[in-house]
There are 2 protein chains.
Amino acid sequence: MGALEEAHLAAAAACACEEDGDLELLGGEEAEAAAADAMEPAVRALLAGLGEDDRREGLRRTPKRVAKAFRDGTRGYRQKVKDIVQGALFPEVGVDKRAGSAGGTGGQVVVRDIELFSYCESCLLPFSIQCHVGYVPSGGRVVGLSKLSRVSDVFAKRLQNPQRLANEVCGALHASIQPAGVAVALQCWHIPLPDNLECKTLQGWIRASHSSRSGVFEGENITFWNDFLALLKFRGIAIEVDNHSASIPWCPLRSLEVPLSSGHRKKGSTNGMVSAVTSMLLSLGEDPLRKELLGTPQRYVQWLLKFKASNLNVKLNGFTLSNVSLYERPGGGTSDHGAIRSELHLPFCAQCEHHLLPFYGVVHIGYFDNGSGEGIDRSQFQSLVHFYGCKLQVQERMTRQIAEAVYSVSHSGAMVVVEANHICMISRGVEKIRSNTATIAVLGQFLADPSAKACFLQSVLDTTESAV
Amino acid sequence: MGALEEAHLAAAAACACEEDGDLELLGGEEAEAAAADAMEPAVRALLAGLGEDDRREGLRRTPKRVAKAFRDGTRGYRQKVKDIVQGALFPEVGVDKRAGSAGGTGGQVVVRDIELFSYCESCLLPFSIQCHVGYVPSGGRVVGLSKLSRVSDVFAKRLQNPQRLANEVCGALHASIQPAGVAVALQCWHIPLPDNLECKTLQGWIRASHSSRSGVFEGENITFWNDFLALLKFRGIAIEVDNHSASIPWCPLRSLEVPLSSGHRKKGSTNGMVSAVTSMLLSLGEDPLRKELLGTPQRYVQWLLKFKASNLNVKLNGFTLSNVSLYERPGGGTSDHGAIRSELHLPFCAQCEHHLLPFYGVVHIGYFDNGSGEGIDRSQFQSLVHFYGCKLQVQERMTRQIAEAVYSVSHSGAMVVVEANHICMISRGVEKIRSNTATIAVLGQFLADPSAKACFLQSVLDTTESAV
């Protein structure tokens, strides 16, 4: 607060030459590459624990990719807020305080809908954030708008929980901008366990709202806070003040039973996986004995083990050859096929074998029945999708495998469309948050009969909400 | 097409070490910094032509910022597609072609809703893109999904028009992946002239859809193309095939009369500005005499000149002191103020003085009338907004200036909320496409009377579509 501090501004301006450049990482590129290299053996240990052969083509460069992605996704540990804000404080005239608040004196500034990704400190999975940051300028100076986003990202790119993230962004902005006050509101979404997944969009995800405030946003005069909430409402953003829930863990993996002592009950390979994850935490400079991180390696390993390579015959109980007789068509031909049937919007969650990050969405299956009017039970399809989805996968292969399995039962024809969001497209380099990938497989009669294919695709369209 | 080429894949794999890193620019960082430095004088010439003093605080580092941003936004000239795709081709089994198409053989893959920004070659303003890319794998190999986005971005980060962008992305993907075919569909939005602006969202922007296809997507068998369109429809994306409109220029600045010969009718400063922009084109390796670039420097200068510093008294005709007598309140006090009035959703387009890029949105104005029931005409407010908006600005200052101007007429109280999208937050480093900034100024009675403020904010909320 107080008047324009010329000296402070001059000093800030002097440091400004780098303001618009990429944030340099402490230690530089070479140190970063060396740190990523050092992490590769840990990723190899995780792949081995999953029963995978890291020499197979799709996995050969996965350790390098995962290590680089993990370092990149946690780069906030090696960034300094001071470097971001210092060069971007601009003198800006305000109004006489008695007249009101505007410009450089008390005129609230709110950047809404900053999209971020962070990593859950309880399980190491990424979580999605809509971040809203407000501040009230003081001392006749404002900060470049993009800096509110950049500072938020520094703390998002660490292992976090939503409340601490809100607190750290608020505290850092208050200390670096020295405004009259800062308000931070976060809406966060955490991927659910793959067992209970309905996550074509963020529906079905675990949601939490958290906020943090300083200065004029605190205390009994709630006028600034009310203005902040009103400006959020203009964008349809309703922040429930449920900071009380901060004591309730939001991470769904916390509900898993996790043995904290690794000495018993677990096989050697699991111990090795837990040690590997612990070493990744250490390489970030984190303390694995910090309260919030106790059990994190075990939880991440438990998540990964849900995608462990497994045996077809064990899992695909209902959907095996025993069914084939039921659906085998008399002539085996393609001209007198039965009616087109479909099971649509079957949810799945897979693990991308190139990045060890989830991709999730829905599977649509079309097939011909045997003319008797009997179809295959939806639960059997869901098991099929779960089997082919719940492993280290790529979407193209999963689509083909599901189609082939359905074709092995309904010989006339099978068609599969998979629609998925890839976390690796979001939390990694390209950061295309809204991108969504569709793959399609067309077998048998659907290939020869464009009208059958069109009919199936139309049934998907008719059952899809066009608003995405 | 063709069988799995082991040798090709091995060669590709050998080049793969850099695949997940940031794309290195040809020439490296130092060359890039030198090129940006060399561009600063051109930006200074533009500021001088606008009648601005580049030593004033807000503009002092603008030349450096603009030069870096322009180089960054056109980095595609210095990136190679080969470097992106080579390391990311993965062997992936397909199905027997007679059975159908799936996986590595003909199983179509479509990445939808890749959000990009490019620069209009006719006027150098950024335009917004939803990019949808499909391909049909061949030769038993698929490409990493993120590469479809990365390759598209290489061509987006050049001076473009939508049809050429679609063609170049399609051609580059076809050549580098060697698939059975590639389909590219783009939905593009170009900012309109500030004179006829209704651009709170992308409504009011000039829209164009363009597509490009190769291989199996071409020709008489339109089954793959139909599948592509169907998969887009699932996301609510309707591509009108209006490639015929490619011959009609979509850039709204093309409707401006632009003198191509700079010798006459223009003042020296404008000539200097045109030369400065021409030098920026040259520094990209572009040929300013290329047909599509003829007139581009002139058009960009004309756009900038719409934001030339101008004189208050000349422009603010209706909204000057002559009005004050009409609205001056008898007692001048604040307790017996009149009714709260508001003019909401007044569109504006300003030019960010830190980045020379547009920010645009709406202004909401609240004030007290003089008790007579008479208000100020909406057209007068729109002139006021145009005056304070249509120049090199920052949002905080514009908010204060509009509030002070209204307060000078309605002494009881004035309140202003500005909501804006900043192109500099989108097309530059932080790339927060959906972020939106709100600023608020509260003067006079609105400061003392929370219920008046709440009433005004509620009127904004009531007239705002919550779906953003």
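Model, not experiment: these values are computed from the prediction.

Calculation criteria
Residues numbered from 1 in each chain as written. Chains lettered and ligands numbered in written order. Predicted model: local features only at pLDDT ≥ 70, side-chain atom pairs only at ≥ 80, totals over all residues. Heavy atoms only, no water. Helix = DSSP H or I, 4+ residues; strand = E, 2+ residues; numbered from the N terminus. Buried < 20%, exposed > 50% of the residue type's maximum accessible area, 1.4 Å probe, protein only. Contact = heavy atoms within 4.5 Å. Areas by Shrake-Rupley, 256 points an atom, 1.4 Å probe, with all protein chains shown as cover. Least-squares fit on C-alpha atoms with pLDDT ≥ 70 in both. Pairing = 2+ DSSP bridges. Expected span 1.5 Å × (residues − 1). Polar contact = N/O pair within 3.5 Å; in protein donor to acceptor, adjacent residues only side chain to side chain. Bend = angle between axes of the 7 residues up to and from the residue. Phe/Tyr/Trp six-rings, centres within 6.5 Å; stacked < 30°, edge-to-face > 60°. Lys NZ or Arg CZ within 6 Å of the ring centre and 35° of its normal. Buried area = accessible area lost by both parts, 1.4 Å probe. Salt bridge = Lys/Arg side-chain N within 4 Å of Asp/Glu carboxyl O. Nonpolar A, V, L, I, M, F, W, Y, C, P; charged D, E, K, R; others polar.

To continue, consider the overall build of chain A. Tallying secondary structure elements over chain A gives 16 helices and 13 strands in all. Here chain A holds 468 residues, and 61% of them are scored as buried. A fraction of 75% describes how many contacts in chain A between residues 6 or more apart in sequence connect residues 24 or more apart. Entry remark: accessible area of chain A is about 17500 Å², with carbon and sulfur atoms responsible for 53%.

What follows covers the relation of the copies chain B and chain A. Superposition of the two copies of the chain requires a rotation about an axis and a shift along the axis. For the pair chain B and chain A, the relating rotation is 180°, the translation along its axis is 0.0 Å, and the fit reaches an RMSD of 0.0 Å. What the superposition gives is, in effect, a two-fold axis relating one chain to the other. A shared interface surface links the copies, since 99% of the contact residues of chain B are contact residues in chain A too.

A word on the pairing of strand β9 (residues 340–352) of chain B. Residues and elements named next belong to chain B. Across 11 bridges, the pairing between β9 and strand β10 (residues 357–368) is antiparallel. Bridge pairing in β10 places Cys349 opposite Tyr360. Strand direction decides the pairing type here: β9 and strand β11 (residues 392–393), joined by 2 bridges, are parallel. Bridging across to β11, Cys352 finds its partner in Gln393.

Take Ser410 of chain A: it is sitting in the loop between α13 (395–409) and β12 (413–422). Discounting chain neighbours no more than four positions away, the residues touching Ser410 of chain A are Tyr367 and Phe368 of chain A.

Below, the discussion takes up helix α5 (residues 145–156) of chain A. Taking 1.5 Å of rise per residue, the 12 residues of α5 of chain A would be expected to cover 16 Å, and the 18 Å separating its terminal C-alpha atoms lies within 8% of that figure. Summarising burial for α5 of chain A: 12 of the 12 residues are buried, a large majority.

Here the focus is the side chain of Thr464 of chain B. All names here are of chain B. By secondary structure assignment, the location of Thr464 is in the segment after α16 (450–462). On the accessibility criterion, Thr464 (10% relative accessible area) is buried. Within the structure, the side chain of Thr464 is placed 2.7 Å from the backbone oxygen of Val460, a separation counted as a polar contact.

All names here are of chain A. The buried count for β12 comes to 10 of 10 residues, which makes it a mostly enclosed element. Judged by which residues are buried, β12 turns out to be covered on both faces: Gly413, Met415, Val417, Glu419 and Asn421 on one side and Ala414, Val416, Val418, Ala420 and His422 on the other are all buried. Across 9 bridges, the pairing between strand β10 (residues 357–368) and β12 is antiparallel. When the sheet's bridge partners are listed, Val362 is paired in β12 with Glu419. As judged from the 8 bridges shared by β12 and strand β13 (residues 436–444), these two strands associate in the antiparallel manner. Considered in β13, the bridge of Val416 is made with Ala441.

On to helix α2 (residues 28–49) of chain B, then. Because each turn of an α-helix spans 3.6 residues, side chains separated by three or four positions in sequence point in the same direction. Residue and element names in this part refer to chain B. When the terminal C-alpha atoms of α2 are compared, their 33 Å separation across 22 residues agrees well with the 32 Å that a helix rising 1.5 Å per residue should span. The largest bend in α2 comes to about 30°, at Glu40, with the proline Pro41 one to four residues further on. Gly51 occupies a position one or two residues after α2 and carries a positive phi of about 75°.

What follows deals with the packing of aromatic side chains. Taken as a whole and judged by the stated rule, the model has 22 aromatic pairs over all chains. Members of the aromatic cluster, joined through ring pairs, are Phe217, Phe224, Trp225 and Phe228 of chain A. The residue whose ring lies beneath Arg213 of chain B is Trp225 of chain B, and the NZ or CZ to ring-centre distance is 3.8 Å. Just above the ring of Phe387 of chain B sits the side chain of Lys391 of chain B; from NZ or CZ to the centre is 4.2 Å.

It is worth spelling out the interface of chain B and chain A at this point. Taken together, the contacts link 88 residues of chain B with 87 residues of chain A. Of the roughly 7400 Å² buried at the junction of chain B and chain A (both faces included), carbon and sulfur atoms supply 57%. For chain B, the biggest contributors to the area lost against chain A are Phe234, Arg235 and Glu396 of chain B; these three give 10% of the whole. Our count for the contact surface shared by chain B and chain A stands at 6 salt bridges. Where Lys453 of chain A meets Asp227 of chain B, a salt bridge forms, and the shortest distance between an N and an O atom there is 2.8 Å. Between the two partners, chain B and chain A, sit 26 residue pairs in polar contact (both at pLDDT 80 or more). Ranked by residues supplied to the side of chain B that touches chain A, first place goes to strand β13 (residues 436–444) of chain B with 9 residues. Partitioning the side of chain B that touches chain A into residue classes produces 36 nonpolar, 23 polar and 29 charged. In the sheet, strand β3 (residues 109–120) of chain A pairs with β13 of chain B via 4 bridges, with the strands oriented antiparallel. Bridge pairing in β13 of chain B links Arg112 of chain A to Asn436 of chain B.

With that settled, the discussion passes to unusual backbone geometry. Even without a glycine there, the phi angle at Leu124 of chain A is positive, about 70°. Mapped onto the elements of the fold, Leu124 of chain A is located in the loop between β3 and β4 (126–136).

Turning next to the pattern of salt bridges. If you walk through the whole model with that rule in mind, you get 56 salt bridges over all chains. Of the charged contacts, one joins Arg112 of chain B and Glu419 of chain A as a salt bridge, the two residues approaching to 2.8 Å between their closest N and O atoms. With Arg112 of chain B in strand β3 (residues 109–120) and Glu419 of chain A in strand β12, this residue pair bridges two chains. Across the pair Asp53 of chain B and Arg55 of chain B runs a salt bridge whose closest N-O atoms are separated by 3.1 Å. Overall, Asp53 of chain B belongs to the partly exposed group, its relative accessible area being 35%. Residues joined by salt bridges that share partners form a network here, namely Glu121, Arg164, Glu168, Glu286, Arg290, Lys291 and Glu292 of chain A.

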